Amino acid sequence: MTELVIRNHDIKKKLEYVRSTVWSSKAINSEYYTPRLKFKPDDADKDGEKYLSEEWLHKNMNDDNHQGFPMEHCSLPMQGSTKDDPLIEEIYRYSRENFIYELGANSSAVFLFYPPGGFVGWHTNQNNSGYQFIFTYSEKGNGYFQYRDPQTENIIVTKDQPGWRCHYHHFGEAKEDLLWHSAFAYEPRITVCVLFRWWDKPQLKDQVLAMKDQLIEEIQSEE
């Protein structure tokens, strides 16, 4: 998992548009998001952090039925709220269309709002392999992202920071290419991801990888 410093002014402007629109929408209002939260298991909206423990990591790693997506989670998927708020519909459309293509990606992964106590449990993304760029925002940096290092088998915890940050990684299907990861929010948090994938169009692999490398350069460039 690699962190990129976001220096590009144009990308910062796009991310600020995402943040300001979400922050102006109903999504951050607890009376709005509480009845619309998607969570699993039944207590995930009350005691979610336990599902980010090492014990739960090993439970999921030993689950032969794990396919890549998280089994334990608590969040507000933005696509599920587009009919209730024009601002949410606006920013969801932007994330699915303009944001992806302007960054050179060819697919969206997720666009989630995490309320305080929201989280995503241990998973691998092997169901949608490729290079995923994970953009996250929190106002005070009161949350964290963690992953299991495949080489050392240690759990690496990366604390959120105020404002936007970006990580990217290749999430593969092979056992040696799995990256178990999870995240928790103590305050409102946005996660919007773009994906560079080629499993469905292998003839485009070289082009997709070139666009991925270009985005890495752009994110870190002030030009």
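What you are looking at is a predicted structure, and each value in this text was computed from that prediction instead of being measured.

Visitor: Would you explain the packing of helix α1 (residues 9–24) against helix α4 (residues 86–96) in this entry?
Guide: Two elements in contact, α1 and α4, have axes whose closest approach is 9 Å; the angle formed by their N-to-C orientations is 155°. In terms of orientation, α1 lies roughly antiparallel with respect to α4. Handedness of the crossing formed by α1 with α4: left-handed. Between α1, through K14, Y17, V18, T21, V22 and S24, and α4, the contact on the second element is made entirely by L87, E90, I91 and Y94. A breakdown of the residues in the contact of α1 with α4 according to their chemical character gives six nonpolar, two polar and two charged.

Visitor: What's the story with the environment of E49 in this structure? I'm lost.
Guide: By the element assignment, E49 lies in the loop between β2 (38–40) and α3 (54–61). Exposure remark for E49: the relative accessible area of 30% places this residue in the partly exposed category. Residues E49 and W199, spaced 150 residues apart in sequence, show a C-alpha to C-alpha distance of 33 Å. Each residue touching E49, except ones within four places of it in the same chain, is listed here: Y144, F184 and Y186. Within the structure, the side chain of E49 is placed 2.9 Å from the side chain of Y144, a separation counted as a polar contact.

Visitor: Is there a simple way to think about the layout of surface pockets in this case?
Guide: Any empty space left between the atoms is revealed when a probe the size of a water molecule rolls over them. Quantified by volume, the largest pocket comes out at close to 640 Å³. Considering the residues around the largest pocket, the lining is formed by 33 residues, among which P70, A109, V110, L112 and H123 are closest to the centre. Breaking the lining of the largest pocket down by element, the ones donating at least two residues are β3 (73–77), α4, β4 (107–114), β5 (119–123), β6 (130–138), β10 (181–185) and β11 (189–196). The dominant element in the lining of the largest pocket, judged by the number of residues it contributes, is β4, at six residues. In terms of residue class, the lining of the largest pocket is built from 16 nonpolar, 14 polar and three charged. Put simply, the second largest pocket is a space of about 300 Å³. Along the walls of the second largest pocket sit 15 residues, with M61, R148, K175, L178 and W180 positioned nearest its centre. Here the residues of the lining of the second largest pocket are counted per class, giving four nonpolar, four polar and seven charged.

Visitor: Just checking my understanding: could you explain the packing of aromatic side chains for this structure?
Guide: Here the distance between the centres and the angle between the planes together describe a pair of aromatic rings. Within the structure shown, the criterion is met by 17 aromatic pairs. A ring pair is formed by Y51 and F119, whose centres lie 6.0 Å apart and whose planes are at 15°; its orientation type is stacked. Note that Y51 is positioned in the loop between β2 and α3 and F119 in strand β5, a separation of 68 residues in sequence. Comparing Y51 with F119, the two get one shared label, buried. Considering the side-chain rings of Y131 and Y168, the 6.4 Å spacing of their centres and the 40° angle between planes classify their relative orientation as tilted.

Visitor: Teacher, can you tell me more about the pairing of strand β9 (residues 163–171) here?
Guide: It is a general feature of regular strands that their side chains alternate between the two faces of the sheet. Judged by how many residues are buried, β9 sits mostly within the fold: eight of nine residues are covered. Where strand β1 (residues 2–4) and β9 come together, three bridges link them in antiparallel fashion. Each bridged residue has a counterpart across the sheet, and for T2 the counterpart in β9 is Y168.

So, how was this worked out
- Residues numbered from 1 in each chain as written.
- Predicted model: local features only at pLDDT ≥ 70, side-chain atom pairs only at ≥ 80, totals over all residues.
- Heavy atoms only, no water.
- Axes fitted to C-alpha atoms, helices over the stretch in contact; angles between N-to-C directions.
- Helix = DSSP H or I, 4+ residues; strand = E, 2+ residues; numbered from the N terminus.
- Parallel < 35°, antiparallel > 145°, perpendicular 65-115°, else oblique.
- Left-handed = near helix turned anticlockwise from the far one by under 90°.
- Contact = heavy atoms within 4.5 Å.
- Nonpolar A, V, L, I, M, F, W, Y, C, P; charged D, E, K, R; others polar.
- Buried < 20%, exposed > 50% of the residue type's maximum accessible area, 1.4 Å probe, protein only.
- Polar contact = N/O pair within 3.5 Å; in protein donor to acceptor, adjacent residues only side chain to side chain.
- 1 Å grid on protein atoms, 1.4 Å probe; cavity = no way out; pocket = protein on both sides within 12 Å on 5 of 7 lines; lining within 4 Å.
- Points joined across faces, edges and corners; volume = space filled by probe spheres on them.
- Phe/Tyr/Trp six-rings, centres within 6.5 Å; stacked < 30°, edge-to-face > 60°.
- Pairing = 2+ DSSP bridges.

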